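Overview (structure and organization)
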Amino acid sequence: MIVLKNFIINPNQQSDGFFNLGFMNLGGFDNCVFNQERERAIDICFSLDDGKYGISLRKNSADIFMNSKIVEMNAKVDIPYALNQNFAYVIKDREEEYINVNWNGISSSVSPKQPTAETQQKAAEIAQKLNQISEYLKKIDISPHKRGFFKPNYSPTQVGPNPTLEDEVATIIINDPNLTPKISVDLEKILNRDFRLYTPPGTATVFFQSTDKSSRTPAYLVNEGFGVNQIVYILAKVSQTRDKDNSN
């Protein structure tokens, strides 16, 4: 699903780029296609109750489809794809055309043929349903096999579209003032330890600390058991994803 997410977020790249998962690079299209036969396609799809979205990816092109209970759409595009095409569809009600759909292969814009309060409301509902899968895919996250924090302190750095590196996840924690207390509350419920940040005055360096609530002894997170370290990492990812869901 991360490959499909990479396509959704940035289709304007070589097909090899879709197979760079951030924490792992699968080696590009040639190494992932069956038998390394470049003329073949790699089919990836994802479905929810309201529909199915997928791509049939080739080295230099892709067939995209979006099938829903409302309308079925498909397109053939070159890779890299700059989202510079629109594919028009019409939704009918009792054989009468009443909703226009413009789809660029990832997202849809929807407008009524006869604008009224009722048809505009209907168009907005249709747009939300048609864009539901692509929006869902954008929020897919992963906690890789190599996870945790391996340094006592961090400074904010650039965060990629699939943040999995420890410096990226640390940056997310540092930049979100609401994330640390959420992680701390959950960590205390699980392991009777808190989690906190300490920034020495006049610096941009942030130390990750944990305190055993029984002994009241603070320690750098990197010096805690690896289980504690991994749980903080996972809680950061879970809390961030939960916040994204609540904001939509």
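Above this text sits the structure in question.
How each quantity is defined
Residues numbered from 1 in each chain as written. Predicted model: local features only at pLDDT ≥ 70, side-chain atom pairs only at ≥ 80, totals over all residues. Heavy atoms only, no water. Salt bridge = Lys/Arg side-chain N within 4 Å of Asp/Glu carboxyl O. Helix = DSSP H or I, 4+ residues; strand = E, 2+ residues; numbered from the N terminus. Buried < 20%, exposed > 50% of the residue type's maximum accessible area, 1.4 Å probe, protein only. Pairing = 2+ DSSP bridges. Axes fitted to C-alpha atoms, helices over the stretch in contact; angles between N-to-C directions.

1. Concerning the pattern of salt bridges
- Per the counting criterion, the structure on display carries 12 salt bridges.
- Taking the shortest distance from any N to any O, the salt bridge between Asp30 and Arg38 comes out at 3.5 Å.
- The partner of Asp212 in a salt bridge is Arg193, and the shortest N-O contact between them spans 3.8 Å. One end of the pair, Asp212, is in strand 10 (residues 206-212); the other, Arg193, is in strand 9 (residues 193-198), and 19 residues separate them in sequence.
- On the basis of relative accessibility, which here comes to 17%, the residue Arg193 falls in the buried class.
- Connected via shared salt-bridge partners are Asp16, Asp30, Arg38 and Lys59.

2. Here we look at the pairing of strand 1 (residues 42-48)
- When strand 1 meets strand 2 (residues 51-57), the two strands line up antiparallel, connected through seven bridges. If you follow Phe46 over to strand 2, its bridge partner there is Tyr53.
- As consecutive antiparallel partners, strand 1 and strand 2 are separated by two residues.

3. Notes on the environment of Leu48
- Here Leu48 lies in strand 1.
- The sequence separation of Leu48 and Ile133 amounts to 85 residues, and the corresponding C-alpha distance is 7.0 Å.

4. Concerning the sheet that holds strand 3 (residues 61-68)
- Taken in spatial order, the four strands of this open sheet run 1-2-3-4, and their pairing is antiparallel. Edge positions in the open sheet fall to strand 1 and strand 4 (72-78), since each of these has one partner strand only. Looking at each pair of strands side by side, their axes are set apart by 10 degrees on average, direction ignored.

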